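# Structure assessment
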Amino acid sequence: MDYKKAGVDIEAGYESVKLMKKYVEATTRPEVLGGIGGFSGAFSLDKIKKMNDPVLLSGTDGVGTKIKLAFVMDKHDTVGIDCVAMCVNDVACAGGEPLFFLDYIACGKNIPEKIAAIVKGVAEGCKQAGAALVGGETAEHPGLMPEDEYDLAGFAVGVADRAELIDGNKLKKGDTIIGIASSGIHSNGFSLVRKVFDISEAGLSKYYESLGDTLGNVLIKPTIIYVKALKSIKEAGVTVKACSHITGGGFYENIPRMLIDGKRAVIKKDSYTVPPIFGMLAKDGNIDEHMMYNTYNMGIGMMVAVDSADADKTIKAIEAAGEKAYIVGEITDGEKGVDVI
């Protein structure tokens, strides 16, 4: 008896590291010390210590049951982007610059090419965020997970000067709320999606005229990383007073998280066009409108509140970063919460 016969292939692990190395190296930043293969990832604080009052920000998350689509479609190079996005978007919406990222992959069987494809996506997400992929772990779990399945989670660390943290304290009545478009469902609510749609190879490969693509391609489209858009707003000289990453819980849970007591958000549903996948999901699943806005991003993946005088400048900055933006509402006085009208 040996470890391989017990279900853990050490040689496959070595091969996975070899295949993923080029993707990891493509994410490096000047602050990264050492290379892949160490026991920990080292990151210099030389630039950080030059800030007036540096604050570290962190975020951790996974991909959720969206990962089932990757299994069925045998497409593994995009879920890593989702994993990075879920973490770095949280860091960015607090005003932070993502610095580095680590991933954790648990699999039933280590298939080096599949693991490398997953890490390729993670590396692509890190490049989009400007973060270094400084380490990770691939754990083989024979007998605990099916051989053809895996799970993926990650952890991001960022930094901001305390004076530049986005905390909502400067919100006032009349401030404009701008929504930055999502790419679709992103990475939340897939347990419900899988109950509504036929998540089989045949179902996911079906083309829909209303979607302009196959169902699978629309559903697996990776989460947008908003780091560059938020950085572009800052570079345009605009102060973001409050920011919300629209994830699980949709509008009703996430928008109040960016508010302070005494301030309320009013969001206008007709201020932008909701992507057709959401209408299809609501119709096929007989899901009422409130539940849709309480579960999904409904086409808006990030919201920022700015002074009304800065609204046009903000939209131009977001568009300069390659994203779409809309004026979707405003801040009013009232009990902390949100009205979607």
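Just so you know, these numbers come straight off a predicted model, no measurement behind them.

## Section: the state of the cysteines
Scanning the entire structure with this criterion turns up zero disulfides. The thiol sulfur of Cys-93 is not disulfide-bonded, and the nearest other cysteine sulfur, from Cys-243, lies at 4.6 Å. Classification of Cys-93 as buried rests on a relative accessible area of 13%. Note on Cys-107: no disulfide assigned, nearest cysteine sulfur contributed by Cys-83 at a separation of 15 Å.

## Here's the deal with the sheet that holds strand 3 (residues 54-62)
Taken in spatial order, the four strands make up an open sheet running 3-6-4-5, and their pairing is mixed. One side of each edge strand has no neighbouring strand; the edge strands of this open sheet are strand 3 and strand 5 (132-140). Mean inter-strand twist for the sheet, computed between neighbouring axes without regard to direction, equals 15°. One ladder, built from nine bridges, connects strand 3 with strand 6 (residues 150-161); its direction is antiparallel.

## Here we look at the side chain of Ser-187
Summarising the element assignment, Ser-187 is placed in the loop between strand 7 (176-181) and helix 5 (190-196). Exposure remark for Ser-187: the relative accessible area of 7% places this residue in the buried category. Of the polar contacts made by the side chain of Ser-187, one reaches the backbone oxygen of Val-63; its length is 2.9 Å. Every residue in contact with Ser-187, bar those within four places of it in the chain, is listed here: Val-63, Lys-66, Asp-82, Met-86 and Thr-223.

## Section: the pattern of salt bridges
Tallying each qualifying case throughout the model produces 17 salt bridges. Here Arg-162 and Asp-53 are joined by a salt bridge, their closest N and O atoms 2.7 Å apart. Of this pair, Arg-162 sits in the loop between strand 6 and strand 7 while Asp-53 sits in the loop between strand 2 (42-43) and strand 3, placing them 109 residues apart in sequence. Take Asp-53: its relative accessible area is 33%, and that puts it in the partly exposed class. Between Lys-241 and Asp-175 there is a salt bridge, and its shortest N-O distance comes to 3.1 Å. You can see Lys-241 sitting in the loop between helix 8 (227-235) and strand 10 (242-245) and its partner Asp-175 sitting in the loop between strand 6 and strand 7, a full 66 residues away along the chain.

## Brief notes about the pairing of strand 13 (residues 325-333)
Summarising the sheet, strand 7 and strand 13 pair through five bridges and their orientation is antiparallel. Counterpart to Ile-178 in the pairing with strand 13 is Ile-327. Sheet topology note: the strand 11 (residues 263-267)/strand 13 ladder contains five bridges and is antiparallel. When the bridges of strand 13 are listed, Arg-264 appears paired with Thr-332.

## Some words on the pairing of strand 7
Consecutive residues of a regular strand have side chains that alternate between opposite faces of the sheet. Most of strand 7 sits inside the fold, with six of its six residues counted as buried. Burial of strand 7 is two-sided: the residues Thr-176, Ile-178 and Ile-180 facing one way and the residues Ile-177, Gly-179 and Ala-181 facing the other way are all buried. Alignment of strand 7 against strand 12 (residues 300-306), held across six bridges, turns out to be antiparallel. If you follow Ile-180 over to strand 12, its bridge partner there is Met-302.

Cut-offs applied
- Within every chain, residues take consecutive numbers counted from 1 along the sequence as written.
- It should be noted that, the model being predicted, local features are given only for residues of pLDDT at least 70 and side-chain atom pairs only at 80 or more, the latter also being counted only at that level, while totals for whole chains, interfaces and linings use all residues.
- By convention in this description, side-chain values take in all heavy atoms of the structure and omit both hydrogens and water.
- In this description, the term disulfide denotes a pair of cysteine sulfurs within 2.5 Å.
- For every residue, the accessible area (1.4 Å probe, protein chains only) is compared with the maximum for its type, and the residue is labelled buried under 20%, exposed over 50%, or partly exposed between those bounds.
- Any two strands between which DSSP finds at least two bridges are classified as paired.
- Only DSSP runs of H or I with at least four residues qualify as helices, and only runs of E with at least two residues qualify as strands; both kinds are numbered from the N terminus onward.
- Fitted lines through C-alpha atoms give the axes, limited to the stretch in contact for helices. The angle between two N-to-C directions lies from 0 to 180 degrees.
- N or O atoms closer than or at 3.5 Å make up a polar contact, with two conditions inside protein: a donor-capable atom paired with an acceptor-capable one, and, for residues adjacent in sequence, both atoms drawn from side chains.
- Only heavy atoms enter the contact rule, under which two residues are in contact if any of them lie within 4.5 Å.
- We define a salt bridge as a contact between a side-chain nitrogen of Lys or Arg and a carboxyl oxygen of Asp or Glu at a distance within 4 Å.

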